[in-house]
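Take a look at the letters that make up each chain.
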Amino acid sequence: MAALLNRADLRPVTPKTLLDPDAITARIDLARREGYCLAQEEMLIGEVVIGAAILDQQGRPVGAIHVAGSLAEWPAARFAARFAPLALEAARALSGGSGR
């Protein structure tokens, strides 16, 4: 993972774009444990996003479910509580039962 991140051309899209390789690795580890990732304002100011991987038969990611909302309407914790279970359910269904 470190070698991949060291080769990556990490550029900020917003002031909140995550660029630190250690922080990115920690976020990936958390996403592996929880089954989804939550991001706030990393690509668009005012946006909150949930992502959940679609996995192949060997458990490798081949796609993702992405649900976006407005921080003006959804506090991040409430957005995650409401939409993470739905994103995970959809990702599992599209994974053909091989998802988390």
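Please refer to the structure higher up on the page.
Here's a quick rundown of the structure. For clarity, every value in this text was computed on a predicted model and none was experimentally measured.

**Quick notes on the nonpolar core**
Piece 1. The biggest cluster of nonpolar side chains holds 15 residues, and the ones touching the most others in it are Tyr36, Ile50, Ala52, Ile65, Phe79, Ala87 and Ala91.
Piece 2. Those elements that provide at least two residues to this core are strand E2 (47–55) and helix H3 (76–94).
Piece 3. Take this core: its biggest share by element is 8 residues, from H3.

**Some remarks on the environment of Val67**
Piece 1. Its location among the elements puts Val67 in strand E3 (residues 61–70).
Piece 2. Residue class for Val67 comes out partly exposed when judged on its relative accessible area of 21%.
Piece 3. Along the backbone, Val67 and Ala87 are 20 residues apart, and their C-alpha atoms lie at a distance of 7.2 Å.

**Overview of the environment of Leu38**
Piece 1. Note on placement: Leu38 falls in strand E1 (residues 37–40).
Piece 2. Leu38 gets classed as partly exposed once you look at its relative accessible area, which sits at 25%.
Piece 3. A C-alpha to C-alpha distance of 13 Å links Leu38 and Lys16, two positions 22 residues apart in sequence.
Piece 4. Excluding anything up to four places from it in sequence, Leu38 contacts Arg27, Val48, Val49, Ile50, Ala76, Phe79 and Ala80.

**Some thoughts on the pairing of E2**
Piece 1. The element E2 is largely enclosed, with a buried count of 7 among its 9 residues.
Piece 2. In terms of strand pairing, E1 meets E2 through 4 bridges, oriented antiparallel. In the strand pairing of E2, Ala39 is matched with Val49.
Piece 3. Here E1 hands over to E2 after 6 residues, with Glu41 in that stretch at a positive phi of 55°.
Piece 4. Note that E2 and E3 share 9 bridges and pair antiparallel. The residue bridging Glu47 from the neighbouring strand is Ser70, located in E3.
Piece 5. The loop that links E2 with its antiparallel partner E3 comprises 5 residues; one of these, Gly59, has a positive phi angle of about 80°.

**Brief notes about the side chain of Glu47**
Piece 1. Summarising the element assignment, Glu47 is placed in strand E2.
Piece 2. Buried and without a salt bridge, Glu47 has Arg27 as its closest oppositely charged side chain, separated by 11 Å.
Piece 3. Contact partners of Glu47, with chain neighbours within four places excluded, come to Ala39, Gln40, Glu41, Ala68, Gly69 and Leu71.

**Here we look at the sheet that holds E1**
Piece 1. Across the sheet, which stays open at both edges, the 3 strands sit in the order E1-E2-E3 with antiparallel pairing between neighbours. Two strands bound the open sheet, and with one partner strand each, they are E1 and E3. For this sheet the average axis-to-axis angle between neighbouring strands, irrespective of direction, equals 25°.
Piece 2. Contacts between H3 and the sheet are confined to E1, E2 and E3, with E2 contributing the most and set at about 20° to the helix.

Cut-offs used in this document
For every chain, the first residue of the written sequence is number 1, and numbering continues from 1 along that sequence. A pLDDT threshold of at least 70 governs which residues receive local features in this predicted model, and a stricter bar of 80 or more applies before side-chain atom pairs are shown or counted, although totals over entire chains, interfaces and linings include all residues. Only hydrogens and water are set aside; all other atoms, that is, all heavy atoms of the structure, feed into the side-chain values. The criterion is simple. A nonpolar core is a set of buried Ala, Val, Leu, Ile, Met, Phe, Trp, Tyr and Cys residues joined through side-chain atoms within 4.5 Å. Buried residues are those whose accessible area, probed at 1.4 Å on protein chains only, stays under 20% of the maximum for their type, while exposed residues exceed 50% and partly exposed ones sit between those limits. Helix and strand definitions here come from DSSP, where helices need a minimum of 4 consecutive H or I residues and strands a minimum of 2 consecutive E residues; each element is numbered from the N-terminal end. Two residues qualify as a contact provided that any one of their heavy atoms is within 4.5 Å of a heavy atom in the partner residue. Paired strands, in this sense, are two strands between which DSSP finds at least two bridges. Residues counted as positive are Lys and Arg, residues counted as negative are Asp and Glu, and His and the chain ends are not counted. The working definition used for a salt bridge is a side-chain nitrogen of Lys or Arg within 4 Å of a carboxyl oxygen of Asp or Glu. The convention used is that axes are lines fitted to C-alpha atoms, helices contributing only their stretch in contact, and that angles between N-to-C directions extend from 0 to 180 degrees.

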